[in-house]
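Here is what each chain is made of, one letter per residue.
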Amino acid sequence: KAKELPDMDWGQIARDARKQTTVFFMGFKSVDSICARLKQEGCPNDLPVAVVESATTPQERVFHSTVEDLPTLAKEHGDSVVGPVLMMLGPTAAFPAHIDKLMSGERPTKRARLGNAAES
């Protein structure tokens, strides 16, 4: 059963979602509440999410999604998820997909420049 969400600065997490990675331990039963709260606070719907079940064990499974689609993914796989779960939201969650692109021969996307250091 999902527990009440902890009292923390959800707005700050949502605002910094593209700049940092947030990790939730054992929050799989609260996926709906977590995603709804983050979206309510302005988190981008396309923010990458990685869900890792039973990390570092032979039973490890990884699911990739977005804040928008994670509740649906959780409903689809919820009954089969029995191990401890880590949920990572943010840039780090997109890294495996980036590696897959590189392995397929696709050229990496360059980062946008934020400004000229000489202008500072």
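Residues numbered from 1 in each chain as written. Predicted model: local features only at pLDDT ≥ 70, side-chain atom pairs only at ≥ 80, totals over all residues. Heavy atoms only, no water.

A.B. asks: Which parts of the structure should I look at to understand the pattern of salt bridges?
C.D. replies: When charged atoms on two side chains of opposite charge get close, those side chains can pair. For the coordinates displayed, the defined rule picks out six salt bridges. Between Asp 46 and Arg 18 there is a salt bridge, with its nearest N and O atoms 2.2 Å apart. Placement of the pair is Asp 46 in the loop between helix 2 (31–40) and strand 2 (48–53) and Arg 18 in the loop between helix 1 (10–15) and strand 1 (22–25), with a sequence separation of 28 residues. The exposure class assigned to Arg 18 is partly exposed, which follows from its relative accessible area of 47%. Close ionic contact of Glu 53 with Arg 61 constitutes a salt bridge, the shortest N to O distance being 2.8 Å. (Salt bridge = Lys/Arg side-chain N within 4 Å of Asp/Glu carboxyl O. Helix = DSSP H or I, 4+ residues; strand = E, 2+ residues; numbered from the N terminus. Buried < 20%, exposed > 50% of the residue type's maximum accessible area, 1.4 Å probe, protein only.)

A.B. asks: Before we go on, may I ask you to explain helix 3 (residues 70–77) in this structure?
C.D. replies: Since one α-helical turn is 3.6 residues long, residues separated by three or four positions face the same way. Taken residue by residue, helix 3 has Leu 70, Pro 71, Leu 73 and Ala 74 as its buried positions. Viewed end-on, helix 3 has its buried residues packed into an arc of 160 degrees, placing them on one side of the element. In this structure, helix 3 carries Lys 75 and Glu 76 as exposed residues pointing more than 90 degrees from its buried face. Buried residues along helix 3 sit against helix 2, strand 2, strand 3 (61–66) and strand 4 (85–89). (Arc of directions from axis to C-beta. Contact = heavy atoms within 4.5 Å.)

The analysis is restricted to geometry; functional conclusions fall outside its scope.
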